[in-house]
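# Breakdown of the fold
Residues per chain are reported as follows:
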Amino acid sequence: MRANTWAGRNKVKVRDVPDPKILNERDAIVRITSTAICGSDLHLLDGYVPTMQDGDVMGHEFMGEVIEVGQGVDPGRLRVGDRVVVPFPIACGACGACAAELYSCCENSNPNAGIAEKMFGHPVAGIFGYSHLTGGFAGGQAQYARVPFADVGPLKIESDLTDEQVLFLSDILPTGYMGAEMCDIQSTDVVAVWGAGPVGQFAMDSARALGAAKVIAIDKEPYRLQMAERAGHTA
Ligand SMILES: [Zn+2]
Ligand SMILES: [Zn+2]
């Protein structure tokens, strides 16, 4: 298959790489229909996050169609032919962190959790396409991806919403939503969001959905402020 790969500091290259295969019985293979570039991919690109290796497949925001499942995947949760958005953290669904719905802290999905702990001060879950600190999993800026614990994380899309309408559930919509949710918004609140990039836009939309009286966008880029205005916020 073709995939976007890391090729050294500040260099990426689309090249031929081996197709992913089922390695564990709860894996699925997803044929990718849409994928995104994240702001945090820049940290990999420029070497800020260490342990990238030449040829690593990038991308942690992707969705597509399940084309193969391992024998251990619960058919009540996921089957061949399902259309799914794949969240970026890989979660086992069974450990203490997963039981507490802290999926990004899954204790079973990152074989290099000890190295992550040294770097960040705490371990993290496995993450697609995000260096060997988070497990060295191939990412989704590719034609296909292997998804471990496939009956836990992937969100089935059973409506006719387009890829563009649901793709951002993989990372930046929940990231923005979490920011807004942490504010405990009341109906009389005026909420200002510093930074009107993609996550900021979703934080603003989430603040409104959570009942804010008014949402104000703050940014130095006019096109971002215009986008916020088009969404009904105050720039
Ligand atoms: Zn991201
Ligand atoms: Zn877990």
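What comes next is a walk through the structure. Source: prediction; values computed, not measured. (Residues numbered from 1 in each chain as written. Chains lettered and ligands numbered in written order. Predicted model: local features only at pLDDT ≥ 70, side-chain atom pairs only at ≥ 80, totals over all residues. Heavy atoms only, no water.)

It is worth spelling out the coordination of the zinc ion (ligand 1) at this point. Within the protein, the zinc ion (ligand 1) binds to Cys38 (SG), His60 (NE2), Glu61 (OE) and Asp171 (OD); these donor distances fall in the range 1.8 to 2.3 Å. Between the four donor atoms coordinating the zinc ion (ligand 1), the angles at the centre fall across 93 to 127 degrees, so the site counts as tetrahedral. Within one chain, the residues donating to the zinc ion (ligand 1) are spaced in sequence as C-x21-H-E-x109-D. With Cys38 in the loop between β3 (28–35) and α1 (41–45) and Asp171 in the loop between α4 (163–166) and α5 (172–181), the pair connects residues that are 133 residues apart, well separated along the chain. In this structure Cys38 comes out as buried when scored by relative accessible area, which is 10%. Of the residues examined, Asp171 reaches a relative accessible area of 8% and is grouped as buried. (Donors = N, O, S within 2.8 Å, 3.2 Å for Na, K, Ca; no water. Tetrahedral: all angles 85-135°; square planar, octahedral: opposite > 155°, others 65-115°. Helix = DSSP H or I, 4+ residues; strand = E, 2+ residues; numbered from the N terminus. Buried < 20%, exposed > 50% of the residue type's maximum accessible area, 1.4 Å probe, protein only.)

What follows deals with the pairing of strand β11 (residues 214–218). Burial along β11 is one-sided: Val215 and Ala217 are buried, and none of Lys214, Ile216 and Ile218, which face the opposite way, are. Sheet topology note: the strand β10 (residues 190–194)/β11 ladder contains five bridges and is parallel. Bridge pairing in β11 links Val191 to Val215. Crossover β10 to β11 through helix α6 (residues 198–209) is right-handed. (Pairing = 2+ DSSP bridges. Right-handed = clockwise from strand over helix to strand, strands pointing away.)

This brings us to the nonpolar core. Ranked by internal contacts, the top residues of the largest apolar core, which has 15 residues, are Phe62, Leu78 and Val147. Elements that contribute at least two residues to this core include exactly β3, β4 (62–69), β5 (83–86) and β8 (144–147). The dominant element in this core, judged by the number of residues it contributes, is β3, at three residues. (Core = buried A, V, L, I, M, F, W, Y, C linked by side-chain atoms within 4.5 Å.)

The zinc ion (ligand 2) binds to the protein through Cys92 (SG), Cys95 (SG), Cys98 (SG) and Cys106 (SG), with metal-donor distances spanning 2.3 to 2.4 Å. Given four donor atoms and angles of 103 to 117 degrees at the metal, the environment of the zinc ion (ligand 2) is assigned as tetrahedral. All donors to the zinc ion (ligand 2) come from one chain, and their sequence spacing reads C-x2-C-x2-C-x7-C. Comparing Cys95 with Cys98, the two get one shared label, buried.

Its place among the elements puts Arg146 in strand β8. With a relative accessible area of 19%, Arg146 lands in the buried category. Within the local environment of Arg146, its side chain forms a polar contact with the side chain of Asp27, the two groups lying 2.8 Å apart. (Polar contact = N/O pair within 3.5 Å; in protein donor to acceptor, adjacent residues only side chain to side chain.)

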